[in-house]
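Here are the chains, one letter per residue:
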Amino acid sequence: MNRPTLPHSFVQASTPQGTTPGYMPGFGNDFETEALPGALPQGMNSPQKCNYGLYGEQLSGTAFTAPSHQNERTWCYRIRPSVKHSKRYVKIDVPYWKSAPHIDPDVISLGQYRWDPVPHTDAALTWITGMRTMTTAGDVNTQVGMASHVYLVTASMQDEYFFSADSELLIVPQEGRLRFCTELGIIDLEPKEIAIIPRGLLYRVEVLEGPARGFVCENYGQKFDLPGRGPIGANCMANRRDFKTPVAAFEDREVPSSVVIKWCGQFHRTEIGHSPLDVVAWHGNYAPVKYDLRTYCPVGAVLFDHPDPSIFTVLTAPSGVEGTANIDFVLFRERWMVAENTFRPPWYHKNIMSEMMGNIYGQYDAKPKGFVPGGMSLHNMMLPHGPDMNAFEGASNADLKAEKLDNTMSFMFETRFPQHLTRFAAEEAPLQDDYIDCWESLEKKFDGTPGKK
Ligand SMILES: [Fe+2]
């Protein structure tokens, strides 16, 4: 696939990628990058005068006093400090982007739900206006919980910029290609990749190939991290080197522009006279990142039985309760099934965590039909779910030879908090009214006869 070149307005740090977005490998690394030589101060953060007449500015992603191994901040050297804006903040209405707590008294969230893909319309929708909240969980004001969204984006943001003070955004494209022009560099994103945009980082989103649809997990809590691998050891699952952070890229454009800020669940706008993507150089460990899901190395049962789905965790955002995530991002992708004398699909269960799933492409093994690419499902806190009748009968009677699950990529946003449906999810999105019927035809097989299978 050809890689689209950068807009002419940008000056990017020199990379082997040349005129397309360049990246640096690693997750949580302490990076340094400069788009002009000598723009980055050496040996100190805040010289009396920065080179090129730049302003030094720190972006703190954790409290100043966070423990060293969790402390995240980035030093930016920019053309103008980001406090420079000409108007007071005014509230604006973004009606489809909801934040927790958002409990609509007319909407029932207790249930098993599944949706077909939310269709595109003829409307010109940007990253902001095209966000459709499906569920909310926890409380944005106390920085716990999350929201799940579907985005439908057909239009690039024009001289408009956005940041969320509430959350980091985990973005999972399903259709189309988007470009995230951020203060710290440029990320191009397409299906089979994910990106994380940190809390407080300013960016605009351009459509490279539309229409674009995908899923967003808005994390109100502690940042996503890689899960501990325990006895698995130092390799497999998601490896640090496969995460890519953009190199510095800036533009110096004097043009009337607006900045939209999501803050405590509400949206505000202010005006500025320039592009705020004017960070010439930066160093630090608080930065956007993308990851190719095709590099995820799944680990599973190689003799019998079926591990918990947490074995497929890509990223985890801790809640403060040890081992209990605010959010786990879990990936169900192509893999070999080899377990002997085993019911191989996910088993029936009830879970204290609540599970929002989405299908990126292909067929999911527990639901051969009905859960289609672009579709979502929700199995909420302590509500039973599992394979449908076709999956159960097929897996119970299958010849258990080694089998490759091919052409399959689904994911789960799993949170310790119950997820509440928005009115959009309950009434406007294509909810499948007959979803629970997929379990209706499961038969009683028990008749008291020992040894019957
Ligand atoms: Fe489940």
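Remember, it's a predicted structure, so these values are computed and weren't measured experimentally.

Quick question: what am I supposed to make of the domain arrangement of the protein here?
Buried accessible area, meaning the area lost when the parts come together, often serves as the stated size of an interface. Taken domain by domain, the protein holds domain 1 (85–278 + 286–293) and domain 2 (295–433). Its C-alpha centre places domain 1 at a distance of 23 Å from the equivalent point of domain 2. Contact residues are listed per partner, giving 59 residues for domain 1 and 57 residues for domain 2. Approximately 5,300 Å² of surface area, both sides summed, lies buried where domain 1 meets domain 2, with 67% of it carried by carbon and sulfur atoms. When residues of domain 1 are sorted by the area they lose upon contact with domain 2, Arg114, Trp115 and Leu293 head the list and together hold 17% of the total. For Asp104, the salt bridge identified is with Arg423, shortest N-O distance 3.0 Å. Across the contact surface, domain 1 and domain 2 share 26 residue pairs in polar contact (both at pLDDT 80 or more). Counting only elements with at least two residues in the side of domain 1 that touches domain 2, the list comes to strand S7 (112–115), strand S8 (131–139), strand S9 (144–153), strand S11 (168–182), strand S13 (193–197), strand S14 (203–219) and strand S20 (289–292).

Where do I start with the environment of Phe371 in this structure?
Considering the arrangement of structural elements, one finds Phe371 in the loop between strand S23 (354–362) and strand S24 (376–379). In this structure, the C-alpha to C-alpha distance between Phe371 and Phe180, residues 191 residues apart in sequence, is 29 Å. Apart from residues lying up to four places away in sequence, Phe371 is in contact with Arg114, Met357, Gly358, Asn359, Gly362, Tyr364, Met376, Ser377 and Ser410.

What exactly am I supposed to notice about the sheet that holds S7 here?
Hydrogen bonding along the main chain pairs the strands of a sheet, whether they run parallel or antiparallel. Pairing in this open sheet of six strands is antiparallel, and the strands run S7-S24-S23-S25-S22-S21 from one edge to the other. Bordering the open sheet on either side are S7 and strand S21 (313–321), each of which pairs with just one other strand. Strand-to-strand, the axes of this sheet are offset by a mean angle of 20 degrees, without reference to chain direction.

Hey, could you run me through the nonpolar core in this one?
A general tendency of soluble globular proteins is for nonpolar side chains to be buried together. Judged by nonpolar contacts, the single largest core of 53 residues is most densely connected at Trp115, Leu170, Leu315, Phe329 and Phe413. Taken domain by domain, this core gets at least three of its residues from each of domain 1 (85–278 + 286–293) and domain 2 (295–433). Setting aside chain neighbours within four positions, we find Leu315 in contact with Phe27, Leu170, Ile194, Ile196, Phe224, Asp225, Leu226, Pro227, Phe243, Ile327, Asp328 and Phe329. Judged by nonpolar contacts, the second largest core, of 47 residues, contains Leu54, Tyr77, Met131 and Val280.

Help me out: how do you make sense of the coordination of the iron ion in this one?
In ideal tetrahedral geometry, four donors around a metal make angles of 109.5 degrees, whereas ideal octahedral geometry with six donors gives angles of 90 or 180 degrees. Donor atoms from the polypeptide that bind the iron ion are His349 (NE2), Glu355 (OE), Glu355 (OE) and His385 (NE2), placed at 2.1 to 2.5 Å. Coordination at the iron ion is irregular: its four donor atoms span angles of 57 to 148 degrees at the metal. Positions of the donor residues of the iron ion along the chain correspond to the pattern H-x5-E-x29-H. Like His349, the residue Glu355 is buried in the burial classification.

What exactly am I supposed to notice about the state of the cysteines here?
A disulfide bridge is the covalent bond that connects two cysteines by way of their sulfur atoms. Applying the stated criterion across every chain yields a total of zero disulfides. No disulfide involves Cys50; its sulfur sits 11 Å from the nearest other cysteine sulfur, which is in Cys76. A residue is classified by how much of its surface remains accessible, and Cys50, at 14% relative accessible area, is buried.

Mind showing me how you'd approach unusual backbone geometry here?
Most peptide bonds are trans, and most residues other than glycine sit at a negative phi. Residue Pro101 follows Ala100 across a cis peptide bond; omega there is 0 degrees. If you trace the backbone, Pro101 turns up in the loop between strand S6 (90–92) and S7. Cis geometry is found at the peptide bond from Gly210 to Pro211, where omega equals -5 degrees. With respect to the helices and strands, Pro211 occurs in strand S14. Phi is positive for Asp159, close to 50 degrees, though the residue is something other than glycine.

Looking at this structure, how should I read the pairing of strand S10 (residues 160–164)?
Burial analysis of S10 places five of its five residues in the buried class, which makes it a mostly covered element. Along S10, one buried face is formed by Glu160, Phe162 and Ser164 and the opposite face, lined by Tyr161 and Phe163, is buried too.

Where do I start with a negative patch on the surface in this structure?
On the surface, a cluster of negative charge is contributed by Asp433, Asp434, Asp437 and Glu440. Look at Asp433 and you get exposed, because its relative accessible area is 73%.

Sorry, what's going on with a nonpolar patch on the surface here?
On the surface, a nonpolar cluster with roughly 330 Å² of combined accessible area is contributed by Val302, Trp336 and Val338. Relative to the helices and strands, Val302 is located in the loop between S20 and S21. Overall, Val302 belongs to the exposed group, its relative accessible area being 71%.

Definitions and limits used
Residues numbered from 1 in each chain as written. Predicted model: local features only at pLDDT ≥ 70, side-chain atom pairs only at ≥ 80, totals over all residues. Heavy atoms only, no water. Domains from an automatic or database assignment. Contact = heavy atoms within 4.5 Å. Buried area = accessible area lost by both parts, 1.4 Å probe. Salt bridge = Lys/Arg side-chain N within 4 Å of Asp/Glu carboxyl O. Polar contact = N/O pair within 3.5 Å; in protein donor to acceptor, adjacent residues only side chain to side chain. Helix = DSSP H or I, 4+ residues; strand = E, 2+ residues; numbered from the N terminus. Pairing = 2+ DSSP bridges. Axes fitted to C-alpha atoms, helices over the stretch in contact; angles between N-to-C directions. Core = buried A, V, L, I, M, F, W, Y, C linked by side-chain atoms within 4.5 Å. Buried < 20%, exposed > 50% of the residue type's maximum accessible area, 1.4 Å probe, protein only. Donors = N, O, S within 2.8 Å, 3.2 Å for Na, K, Ca; no water. Tetrahedral: all angles 85-135°; square planar, octahedral: opposite > 155°, others 65-115°. Disulfide = S-S within 2.5 Å. Patch = residues over 30% accessible without salt bridge, like charges linked within 9 Å, V, L, I, M, F, W, Y side chains within 5 Å. Areas by Shrake-Rupley, 256 points an atom, 1.4 Å probe, with all protein chains shown as cover. Lys, Arg positive; Asp, Glu negative; His and termini not counted. Charge placed at Lys NZ, Arg CZ, Asp CG, Glu CD.

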